[in-house]
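A look at the structure
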Amino acid sequence: MLISYVLILSIAVVAVYLLMYLHMTRIYKEQLLYSASQSFEQVQEFLNYRIHSVIYVSNVLRVNESVQGILTKEQSQVEGDIIQQREDMMTLENYIYSICNSVDIYQISLYLPDYLMYSNQEVLFRNLDAFRESREYALLMEGKESGIWLPPQELYSADTYKSVEVISYLQTIRDLNRLENPVAVARISVRSADIHEMIEKSNITISGSVWIENEEGELFACSNEELYQDIQQGFHAYLQAEKLPGEWSLVKIGNGAYYIRGVQIPQTDWRLVAVMPREEIFQNRDSLLTALFLVTLALIGVVILASAFVSHTITSRITRLAAKMESVKEGIPHLEEEEQKGYDDEIGQLYQSFQSMSNRLEELMNREYENGKTVKHAELRALQAQINPHFLYNTLDLINWEALDCGADRITKISRALAKFYKLSLNKGKEFSHIREELAHVRYYIMIQNFRYDDRLQLTEEVPEELLDYEVLHIVLQPLVENSFVHGMAGKAETEVLSICIKGYDEGEDLILEVSDNGCGMSEEQKSTILDEEKGSGYGVRNIHERFRLVYGEQYGLQYMDNPWGGVTVRLKFPKEGGKLL
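Residues numbered from 1 in each chain as written. Predicted model: local features only at pLDDT ≥ 70, side-chain atom pairs only at ≥ 80, totals over all residues. Heavy atoms only, no water.

**Some points on a nonpolar patch on the surface**
A surface patch of nonpolar side chains, about 270 Å² in accessible area, is lined by V63, L176 and L179. Along the chain, L176 turns up in the loop between β4 (162-175) and β5 (178-191). (Patch = residues over 30% accessible without salt bridge, like charges linked within 9 Å, V, L, I, M, F, W, Y side chains within 5 Å. Areas by Shrake-Rupley, 256 points an atom, 1.4 Å probe, with all protein chains shown as cover. Salt bridge = Lys/Arg side-chain N within 4 Å of Asp/Glu carboxyl O. Helix = DSSP H or I, 4+ residues; strand = E, 2+ residues; numbered from the N terminus.)

**Side note on the pattern of salt bridges**
Note on pairing: side chains with opposite charge can pair once their charged atoms come close. Across all of its chains, the model carries 16 salt bridges by this definition. Its salt-bridge partner being K503, residue E462 comes within 4.0 Å of it at the nearest N-O pair. One end of the pair, E462, is in strand β12 (residues 457-462); the other, K503, is in strand β14 (residues 498-507), with 41 residues separating them in the sequence. Put simply, E74, D175 and R178 are held in one network by salt bridges that share partners.

**Remarks on helix α15 (residues 477-489)**
For α15, spanning 13 residues, the distance from its first C-alpha to its last is 18 Å, which sits close to the expected 18 Å at 1.5 Å a residue. A large share of α15 lies buried, amounting to ten of its 13 residues. Among all positions in α15, only L477, Q478, P479, L480, V481, N483, S484, F485, G488 and M489 are buried. (Expected span 1.5 Å × (residues − 1). Buried < 20%, exposed > 50% of the residue type's maximum accessible area, 1.4 Å probe, protein only.)

**A word on the environment of R62**
Considering the arrangement of structural elements, one finds R62 in helix α1 (residues 2-63). On the basis of relative accessible area, R62 is assigned to the partly exposed category, the value being 23%. Put simply, R62 and A186 are 124 residues apart on the chain and 7.9 Å apart in space, counted from C-alpha to C-alpha.

**Here's the deal with the packing of aromatic side chains**
Applying the stated criterion across every chain yields a total of 14 aromatic pairs. A ring pair is formed by Y445 and F485, whose centres lie 6.4 Å apart and whose planes are at 85°; its orientation type is edge-to-face. With Y445 in helix α14 (residues 435-452) and F485 in helix α15, the pair connects residues that are 40 residues apart, well separated along the chain. In this structure an aromatic cluster arises from ring pairing among W149, Y169, F220 and W270. (Phe/Tyr/Trp six-rings, centres within 6.5 Å; stacked < 30°, edge-to-face > 60°.)

**Comments concerning the pairing of strand β8 (residues 249-253)**
With five bridges connecting them, β8 and strand β9 (residues 256-264) associate as antiparallel partners. Looking at β9, one finds that I253 is bridged to G256. Linking β8 to β9, which pair antiparallel, is a turn of two residues; within it G254 sits at a positive phi near 65°. (Pairing = 2+ DSSP bridges.)

**Quick word on unusual backbone geometry**
In the Ramachandran plot, Q267 falls in the positive-phi region, its phi being about 65° despite a non-glycine side chain. By secondary structure assignment, the location of Q267 is in the loop between β9 and β10 (270-277). A positive phi is found at D454, a non-glycine position, where the angle reads about 55°. Relative to the helices and strands, D454 is located in the loop between α14 and β12.

**Examining the nonpolar core**
Core analysis: the biggest nonpolar cluster contains 56 residues, and I108, L110, F125, W149 and L272 have the highest contact counts within it. For this core, the element with the most residues is α1, which contributes twelve residues. In contact with F125, not counting residues within four places along its chain, are M89, L92, E93, I96, L110, L112, Y118, S119 and N120. Judged by nonpolar contacts, the second largest core, of 42 residues, contains I435, Y445, L457 and I530. (Core = buried A, V, L, I, M, F, W, Y, C linked by side-chain atoms within 4.5 Å. Contact = heavy atoms within 4.5 Å.)

**What about the sheet that holds strand β7 (residues 219-222)?**
Spatially, the five strands line up as an open sheet ordered β7-β6-β10-β9-β8, and their pairing is antiparallel. Whereas interior strands pair on both sides, the edge strands pair on one side only; in this sheet they are β7 and β8. Averaged over neighbouring strand pairs, the angle between their axes works out to 30° when direction is ignored. Looking at chain direction, strand β6 (residues 209-214) and β7 are connected through three bridges and run antiparallel. In the sheet register, E213 faces β7, and the bridge partner there is L219. Docked against the sheet, helix α7 (residues 192-202) engages β6, β7 and β10, running at close to 50° with respect to β7. In the packing of helix α8 (residues 225-241) onto the sheet, the strands contacted are β6, β7, β8, β9 and β10, and the crossing angle to β6 comes to about 55°. (Axes fitted to C-alpha atoms, helices over the stretch in contact; angles between N-to-C directions.)

Below you can see the structure in the form of structure tokens.
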């Protein structure tokens, strides 16, 4: 039992551990990837916003009427007019500063022809002729109308006397009346630090990396350059064979496996890429599962101890119960109720059932012994009730007096009634008789008594015909009628009539016979003690009651009740299908 308990519970604990392991792995991965997706999408929105702001400023600048008016002037108009150039410079400065103050832009620079005296300012205005010699200008010209994004570079500002790393957007400003004529180049710059800060915030893992690069592989911003350098070559090789995955995908690069997600940034040649090493995703999960494994081992230990205790408790109780059962061979053991007190499980119920069975068996054996004696006494009493010496004496005395008076016919009737009465009383030695015969027995008894008491007894029968053929114990109605006669006539005058009524009822599986009279009735004490063997005085009535309980069961017998009109009713209840001696 101990091994089975330990095995079953250990399997259950291990199964729970494995299920929790798989479930927690899935939940942890889903939550981590969900959090990474949220951060990734926030960076994407941030970049879209900043790019849109820069391009918007560039477009507003190149189509502005004042800017167009200043930059499209012919060289001959402004080359020698210093005052006009100064006014134009102030106008452009005010407009540029107003834009920078309203939009989150670090710096706006205009590359202007060198015949303008303020083209070498190196803050808001720079030399276009010198810039034409640069690689950036060549790329800008190749892009035609669209602008280009420059990788991060140090931009010196004569205004602050320091260099700041910026990411710049270049776009050509053309004469709106002659689009083939470029008049200047606008450079809109934002701080690289702002982009880096947002990129670093989006990287939710320690070993992961988020970066921005263009199609040539030039890096704009990166949260973990060490990882980027490790996988750069493998990642670019992967992009040549596969498209950049829009959702998290597990990709093997080199000797490692990584979850990768990327997106192309609109209006640029940039791609935003996020990479997370697979082993890092499960690093925290594994530490949690290690703690769970230790708890599982502790639980298995507790299971073993608990199983040992429970199995010992159960087997010891079963052993005691088996010993009690074995003792039945030598005799019925008497079990104490306190021995299994507090146990309400199956073994406790089994013990209680065995205890109840043993005690019941002991009780039945004692009762069988007592019932044997009671049956013998009841049979003797029934035999004695068949021949009532007092009744026989009175009847013979009546016959004597009638003989003296020479009433031969009357004597004949009395003698015949007495003979029928005794014939029905004997019933050929049978234990049961029909209700029909019991009623006839009562009629002969009343007939004999009416000879003596001048027809002062009136008998009424209200028993349905369909009940007359049911069997009942022999000689049960006559003693009840006699009891009504003896007690009912005692309180009546010599001329009063005693009415006795016998009724029969069908109550499903039982039958009811009632004997009612209009006599003087019974006191409460008489009704409560008439059936008591120790206190009662109704020998014949008590005898009937005991016989019914012995033959039919404890729920059957006699019941005495008062009549509303006076007198007493005794109710006799018994089953339709009869009974037999217990």
